[in-house]
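Chains, contacts and geometry: an overview
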Amino acid sequence: MRVLLFSQYYWPEPFPITAQVARLRAARVDVTVLTGKPNYSGGTILEGYRAWGTAQEWHGDVEILRVPMLGRGQGSALRLMLNYLAFILSAALFGPWLLRGRAFDAVLVYAPSPLLQALPAIIIARLKRARLLVWVQDLWPESLSATGFVANRFVLGVVKKLVRIIYRNADRILVQSRAFIQPVAALSDDPKKIHYLPNPVFDLTPPSETAPATQELAREISKHVSIVFAGNFGRAQALDTVLKAALQLHDLPGLRVVLIGSGHMEEWVRDQVVLHGLETKVLLPGRFPPEHMPVLLSQASALLVTLQAEEIFSYTVPSKVQTYLAMGRPIIAALNGEGAALLKASRAGLVCPAGDSDLLAKAIRTFYDTSQEERAAMGQAGQVYFETHFAPAQITRALSDHLRAKGAENNIR
């Protein structure tokens, strides 16, 4: 089985698809990756890479082919749109040349934003006479308008037409949330080719060696009742809700809110922490490598996940949810819809509505007062739920089946 993974994001960028590809390789699926130059976390092309020119490298036994890329920058909607467009054009121009003489059975598009990255994959799949599968992580164009990056109705209309082209050219559409099925079906030509496949998780095996900075932060987290958020600092993550909640928790001396990560909202978050005198309550240690996250998350009293109170985000399950469940730590969530329902079913923690800082503060206060036994029971319930519904072997087996299936009749849900 020869598969081309087509994704704007891949190692060393912090996305779980890298671990999932390793699992496919272990399951004897031959995977080649076509991606861009890494720039996701810092906004600039990572040291050791050049924006221009193509590149070939290996990560373990996985071959990675890279096309030219423009860094996404920090905080600029225009720069982000140019970053998206750069990968689409670059993959369309350089992808066929990099892949010349190679044969594939399937092309798999791992599609967090931008979903439009699947457009050049249509061309490549046809050139290779391969099946095209699109693993949808974000709903477009809804996510564009919900995050405020695009408000122009004409542009959103064009994007919607392009998304329809992608869905209608895909042989299979995999969606990370069951709630995605209906909106995706509205733009697809055949609802039977839409299949639910949950998000994969990172490799959660602790590293054999841990950097001193990681060890120091892990010790700091373990000293307090630490509520830890890990991931992207973007508009969708509603970190303003977290900061407003933290303002109401000054009377809890042992409480710390630890926000680990980076993104285009990072500078704003840091400014707000200083402006409101939250330096001792909210810690901003920056970004850490994905392989170090198990060390940090395992020391948390509870793990935090939040999204904006936009209707579109009620359809999604943030990818960090599965990782949090796997860590066996209690979870505090400010979510609506599918993500909230999943966490309530797991009994892994406390859930309040998205965007409500008062209720988030109340949930954190309630957790603060719970016993160690209650906290342990939440974490254990989450871990059991993960093993039942999201175990890596289960996801890998389902993904392998989808890659091999040739029609819509084998609807695995």
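To be clear, the structure that these remarks concern was listed above.
Residues numbered from 1 in each chain as written. Predicted model: local features only at pLDDT ≥ 70, side-chain atom pairs only at ≥ 80, totals over all residues. Heavy atoms only, no water.

**Observations concerning the sheet that holds strand 9 (residues 225-232)**
- One open sheet accounts for 6 strands, arranged 11-10-9-12-13-14; its pairing is parallel. Every interior strand has two partners, whereas the edge strands, strand 11 (282-286) and strand 14 (349-352), have only one. Neighbour to neighbour, the strand axes of the sheet diverge by 20° on average, direction disregarded.
- As paired elements, strand 9 and strand 10 (residues 255-262) share 8 bridges and run parallel to each other. Among the inter-strand pairings, Ser 226 is bridged to a residue of strand 10, identified as Arg 256.
- Strands in contact with helix 9 (residues 266-275) are strand 10 and strand 11; relative to strand 11, the strand with the most contacts, it is inclined by about 145°. (Pairing = 2+ DSSP bridges. Helix = DSSP H or I, 4+ residues; strand = E, 2+ residues; numbered from the N terminus. Axes fitted to C-alpha atoms, helices over the stretch in contact; angles between N-to-C directions. Contact = heavy atoms within 4.5 Å.)

**A closer look at the packing of aromatic side chains**
- Scanning the entire structure with this criterion turns up 9 aromatic pairs.
- On the basis of an interplanar angle of 75° and a centroid distance of 5.4 Å, the ring pair of Tyr 9 and Tyr 40 is categorised as edge-to-face. Here Tyr 9, found in the loop between strand 1 (2-6) and helix 1 (17-26), pairs with Tyr 40, found in the loop between strand 2 (30-36) and strand 3 (55-59); they are 31 residues apart in sequence, far enough to count as distant. Each of the two residues, Tyr 9 as well as Tyr 40, counts as buried.
- Over the face of the ring belonging to Trp 97 we find Arg 100, whose NZ or CZ atom lies 4.3 Å from the ring centre.
- The positively charged end of Arg 375 is found above the aromatic ring belonging to Phe 367, 4.6 Å away from the centroid. (Phe/Tyr/Trp six-rings, centres within 6.5 Å; stacked < 30°, edge-to-face > 60°. Buried < 20%, exposed > 50% of the residue type's maximum accessible area, 1.4 Å probe, protein only. Lys NZ or Arg CZ within 6 Å of the ring centre and 35° of its normal.)

**Focus on unusual backbone geometry**
- Along the chain, Trp 11 connects to Pro 12 via a cis peptide bond; the corresponding omega equals 5°.
- Going from Ser 113 to Pro 114, the amide bond is cis rather than trans, its omega being 5°.
- Here Pro 114 is to be found in the loop between strand 5 (106-111) and helix 3 (118-128).
- Phi is positive for Arg 129, close to 55°, though the residue is something other than glycine.
- Relative to the elements of secondary structure, Arg 129 occurs in the loop between helix 3 and strand 6 (131-136).
- Phi is positive for Arg 347, close to 60°, though the residue is something other than glycine.
- Following the sequence through the fold, Arg 347 ends up in the loop between helix 12 (337-346) and strand 14.
- Judged by its relative accessible area of 61%, Arg 347 is exposed.

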